[in-house]
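# Understanding the architecture of this molecule
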Amino acid sequence: MNWKVAFIDLKAQFKNLRPEILHQIKRVMKNASFILRNDVRKFEENMAAFLDIKHVIGLNSGTDALFLALKASGIGPGDEVITVAHTFVATLATIIHTGAKPTLVDVDENFNMDWRLVEKAISHKTKAILPVHLNGRLCQMDKLKSLAKKHKLLIIEDAAQALGAAFKGKRAGAFGTAGCFSLHPMKNLGCAGDGGFVATNDKKIAQSIRLLRNHGQRTKEDIAFFGYNSRLDNLQAAIINVKFGYLKKWIDKRRKTATLYNQGLKDLPLILPRPPSNEDFFDVFSSYVIRSPDQAGLFSYLRKKRIEVFIHWPKPLHRQKNLGLKKFYLPKTEQFSKEVISLPIYPEITAGQINFVIKTITEFHRRKNKSK
Ligand SMILES: *Cc1c(COP(=O)(O)O)cnc(C)c1O
């Protein structure tokens, strides 16, 4: 499809960064430094400084970041982890793969875990709360932290969509035992392929994840346990190190785009995300998600006009009959799945493209009114 406005435009990004990225690829290839080399170390140091978190461990995906953080925290068979169904399937898959069970709670108007429902979901088997900071906005972390403290639970953050986002001045990933991030190309900082990392202030957890990602090898002579192969490629780290220099600027552009959408769409019968603010919540708008009473109509109209929009997600995970989670009652999650549309948002989007999206959505509603 030849989109007028793509959902994200990675080709435009490469055009801007081409000399820098090609230089790094050549350098890494020339030195043949591929596995756990300097670029990975440099990435880990830079990211730790940016997040103001002590340890960062580069991994091969956000999925493995979640899985290894859960493993390193000692979560396993017999345990329960409280999380949400309004998320990408990896959040739940990784809990299942440790042998633990997810307990699903509903979300609030910000698409994030409704902290008011958490206490009721705690059982004697509950070990951890796993909040998902969706669309670049953090969960209500003060409330979740005090609940975790009161009931002696761990907090493991799914921050795959929240790199750079903050709550009360503290960045995503810094609130609990570990923060799990993705460097998938669709995220706000992405590799040329898969990548991810864990951020943690806990030295033991950091050491454990460093071993888990590399077959449990302390040294070639000393293997601590059976681990995994989950390392961030050095080539990917070199590419990320280039893009990392732009992250703050890119976040700023996303927030400006969100402001323009909010202004341009404010008079339409839509529910919009909260505007960017510098108060408690610093949102990074990794996605810009609106709610419409006519999801199907608006979605197909925008696609017909060559605007690439998505529905994240058309069927909630507890409604996927093969996953065996149907016992949970999550009315908001179900309602939102019938209303949400994700609009294009990315650093290279032009003012003309933003206006075209606003104009097209406005046009859709004007036509609808006429045909009434
Ligand atoms: C992308 C994403 C993941 C998984 O990250 P990968 O790098 O694709 O494995 C997990 N949770 C959420 C909320 C995500 O958006």
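Here goes a summary of the coordinates provided.

Thresholds applied
- Residues numbered from 1 in each chain as written.
- Predicted model: local features only at pLDDT ≥ 70, side-chain atom pairs only at ≥ 80, totals over all residues.
- Heavy atoms only, no water.
- Near = heavy atom within 4 Å.
- Polar contact = N/O pair within 3.5 Å; in protein donor to acceptor, adjacent residues only side chain to side chain.
- Areas by Shrake-Rupley, 256 points an atom, 1.4 Å probe, with all protein chains shown as cover.
- 1 Å grid on protein atoms, 1.4 Å probe; cavity = no way out; pocket = protein on both sides within 12 Å on 5 of 7 lines; lining within 4 Å.
- Sits in = over half its atoms within 2 Å of the grid points.
- Helix = DSSP H or I, 4+ residues; strand = E, 2+ residues; numbered from the N terminus.
- Nonpolar A, V, L, I, M, F, W, Y, C, P; charged D, E, K, R; others polar.
- Buried < 20%, exposed > 50% of the residue type's maximum accessible area, 1.4 Å probe, protein only.
- Pairing = 2+ DSSP bridges.
- Right-handed = clockwise from strand over helix to strand, strands pointing away.

## So, the site of the ligand
Close to the ligand lie 16 residues; Gly62, Thr63, Asp158, Ser182 and Lys187 are nearest. At a separation of 2.6 Å, an oxygen atom of the ligand approaches a polar side-chain atom of serine 182. Between the ligand and the protein, one listed contact pairs an oxygen atom with a side-chain N or O atom of lysine 187 at 2.6 Å. Its free accessible area being 380 Å², the ligand has 94% of it covered by the protein chains. Most atoms of the ligand, that is more than half of them, are within 2 Å of grid points of the largest pocket. For the shell around the ligand, the elements supplying multiple residues, two or more each, are helix H3 (62–72) and helix H4 (90–98). Ranked by the residues each element gives to the shell around the ligand, the list is headed by H3, at three residues. Of the residues belonging to the shell around the ligand, the class tally is five nonpolar, nine polar and two charged.

## Quick look at the pairing of strand S5 (residues 154–158)
Of all the five residues making up S5, four are buried; the element is thus mostly covered by neighbouring parts of the structure. Note that strand S4 (residues 126–129) and S5 share two bridges and pair parallel. If you follow alanine 128 over to S5, its bridge partner there is leucine 154. What joins S4 to S5 is helix H6 (residues 141–150), and the crossover it makes is right-handed. Of the strand pairs in this sheet, S5 and strand S8 (residues 178–182) are connected by three bridges, and their pairing is parallel. Bridge assignment links aspartate 158 to a residue of S8, and that residue is cysteine 180.

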